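# Coordinate analysis (summary)
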Amino acid sequence: MRHVDTLIFAAWIIPVEPEGVVYEQHALAINDGKIVAIVPSNEAVAQFSARITHRLSTHVLIPGLINSHTHAAMSLLRGYADDLALMDWLHKRIWPAEKAWVRAKFVEDGTRLAIAEMLLGGVTCFNDMYFYPDVAGRVADEAGMRASVGLILIDFPSAWANDADAYLAKAEQVHAQFHHHPLIRTALAPHAPYSVSDQPLEKAVALAEHLDLRIHMHVHETADEIAQGHARDGYRPLARLDLLGALSERLMAVHMTQVDDDEIALLAERGVHVVHCPESNMKLASGLCPVHKLLQAGVNVALGTDGAASNDDLDMLGEMRSAALLAKVVSNDARAVPAHVALRMATLNGAKALGLDDITGSLRPGKEADIVAVDMGLLETQPVYNPLSHLIYVASREHVSDVWVSGRQLVKGRALTSLNVRDIRTKVMEWRQNILSTPLTSVPDEAQNSDV
Ligand SMILES: [Zn+2]
């Protein structure tokens, strides 16, 4: 009999690899933070003795969800600006607020709020893009959460850096700070084609190559962006990124609501990853990403919530449902993005996009134990014919009961184990008071922080 740290018995286990498989009455063994085995429950009793045993008789175990695009600290601006067109939302509300408030402390408190929300909703890893990535990385580390922090680059000065060279110098510093960290990775994060000039973008691509990092960037978010890029350069932003050497398997292109058939073929050929953010795209009326076509062309499509100021939650269970439903409408095909594909987009595809698929994204022996238990035993989820389908079309994040990251239990019976909810709440209330008490006037485009 082998001794392990943790043994979890569950009604169902959905490993994501192999795809579409659902194991019934199985147990998952964890040792030293890694998945050791998934075996039928009756065999687990004979094979393993464990220090901690969980019996989750009405639950389904899935890989930890990966939020492949967010701006965690913007949680402090949740509900601050709703029902506005993208440019009004940015110019009149978000950019002035960011100019007034975004400092290290804002990022610390906002990121901690976001991490608490994400963990409670079954997210075990997030790909962030914001100012003060050093602070976001530190807060994620303190919470025990897996993250990729974006080394932000933008043409405009901010409290974080004054010019492109300063942004890039800080990028190298923050990368060095987290190099070899077990949970925190870094990625170059040039904000968008319209907000980063050719020269800094070329430098960022070279730096990503040199440090072997991903490039996390908003690309083709709206039709306006394409029209303006075309008017300025004579070609579309994606073509400009190609000329600058950015189209490779390093690139995580976020949004891609405007993409023609030639561009889809190009993305597939170069191995570019697309991050789909259905709820943000719908809320800002940005456009519709042709997810079904991209997947059929062989493009790896991951899933993200975007920031809480344009969603307005960081709920990846909700995002999976939105992705599945929207894909059916966009492609006029009810078979588009079936449940198992929606789950893969929110797990393994995200891990692939981040270059973490040998570590997380599926429940496979040898991988880190990033695991989520979802309770299907409540009345509103009855009856359960197919737990995989239920996960997408019936369950909500409120049904997430337990969460492990690298074998450490961070959510236990819906309670956070590594974060103090009362402290977070107090700080958030203080920010709300501060932000409400400061009137903002709209400011011109130039000289602004920007983040969407
Ligand atoms: Zn974004």
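For the structure itself, look to the data block above.
### Some details on the overall build of the protein chain
The secondary structure content of the protein chain amounts to 16 helices and 16 strands. The C-alpha atoms of the protein chain give a radius of gyration of 21 Å, which matches the 22 Å a tight globule of 452 residues would have. Taken along its principal axes, the extent of the C-alpha atoms in the protein chain is 65 × 50 × 45 Å. Among the 452 residues that make up the protein chain, the fraction classed as buried is 61%. Of the roughly 17,100 Å² that the protein chain leaves accessible, carbon and sulfur atoms contribute 51%. Within the protein chain, the 56 negative side-chain charges are centred at a point lying 5 Å from the centre of the 39 positive side-chain charges.

### Here's the deal with the pattern of salt bridges
Applying the stated criterion across every chain yields a total of 28 salt bridges. A salt bridge links R236 to E263; the shortest N-O distance between them is 2.7 Å. Separated by 27 residues along the polypeptide, R236 in the loop between α7 (223-233) and α8 (237-243) and E263 in helix α9 (residues 261-270) bring together distant segments of the chain. Taking relative accessible area as the criterion, E263 reaches 8% and is therefore assigned buried.

### Side note on the side chain of S418
Here S418 lies in the loop between β16 (415-416) and α16 (421-436). Looking at S418, its side chain comes within polar contact range of the main-chain oxygen of A143, at 2.8 Å. If near-sequence neighbours (up to four positions away) are discounted, S418 is found in contact with E142, A143, R408 and L410.

### Let's talk about the sheet that holds strand β14 (residues 400-405)
Pairing in this open sheet of eight strands is mixed, and the strands run β3-β2-β1-β4-β13-β14-β15-β16 from one edge to the other. In the strand order of this sheet, the two ends are held by β3 (34-40) and β16, each with one partner. With six bridges joining them, strand β2 (residues 23-31) and β3 adopt antiparallel strand pairing. Counted as the bridge partner of A29 is A37 from β3.

### Regarding the nonpolar core
With 126 residues, the main nonpolar core has F106, L119 and L343 as its most contacted residues. Here F106 is in contact with A73, L76, L77, W101, Y130, W431 and I435, once residues within four sequence places are set aside. With 14 residues, the next largest nonpolar core counts A10, I30, L363 and A369 among its residues.

### Side note on the pairing of β3
Extensive coverage of β3 is indicated by the burial of five of its seven residues. Counting the residues that bridge the hairpin from β2 to β3 gives two residues, and of these D32 lies at a positive phi of roughly 50 degrees.

Cut-offs applied
- All residue numbers refer to position in the chain's written sequence, counted from 1.
- Under the rules for a predicted model, residues below a pLDDT of 70 receive no local features and side-chain atom pairs below 80 are neither given nor counted, while totals for whole chains, interfaces and linings still include all residues.
- Think of the side-chain values as coming from all heavy atoms in the structure, minus any hydrogens and water.
- Only DSSP runs of H or I reaching four residues or more are called helices, and only runs of E reaching two or more are called strands; each is numbered from the N terminus.
- In this setup the radius of gyration rests on C-alpha atoms only. A globule is expected at 2.2 Å times the number of residues raised to 0.38.
- For every residue, the accessible area obtained with a 1.4 Å probe (protein chains only) is divided by the maximum for its type, and the residue is called buried under 20%, exposed over 50%, and partly exposed between those limits.
- Areas reported here follow the Shrake-Rupley algorithm with a probe of radius 1.4 Å; residue values treat only the protein chains shown as occluding.
- Positive charges are assigned to Lys and Arg, negative charges to Asp and Glu, while His and the chain termini are left out of the count.
- The location of each charge is read from NZ of Lys, CZ of Arg, CG of Asp or CD of Glu.
- By definition, a salt bridge exists where a carboxyl oxygen of Asp or Glu is found within 4 Å of a side-chain nitrogen of Lys or Arg.
- Polar contacts, as used here, are pairs of N or O atoms within 3.5 Å; protein pairs need one atom able to donate a hydrogen and one able to accept it. Residues neighboring in sequence count only if both atoms are side-chain atoms.
- Note on contacts: a residue pair qualifies if any of its non-hydrogen atoms lie within 4.5 Å across the two residues.
- Think of it this way: DSSP has to see at least two bridges between two strands before they count as a pair.
- Among the buried residues, those of types Ala, Val, Leu, Ile, Met, Phe, Trp, Tyr and Cys that are joined through side-chain atoms within 4.5 Å form a nonpolar core.

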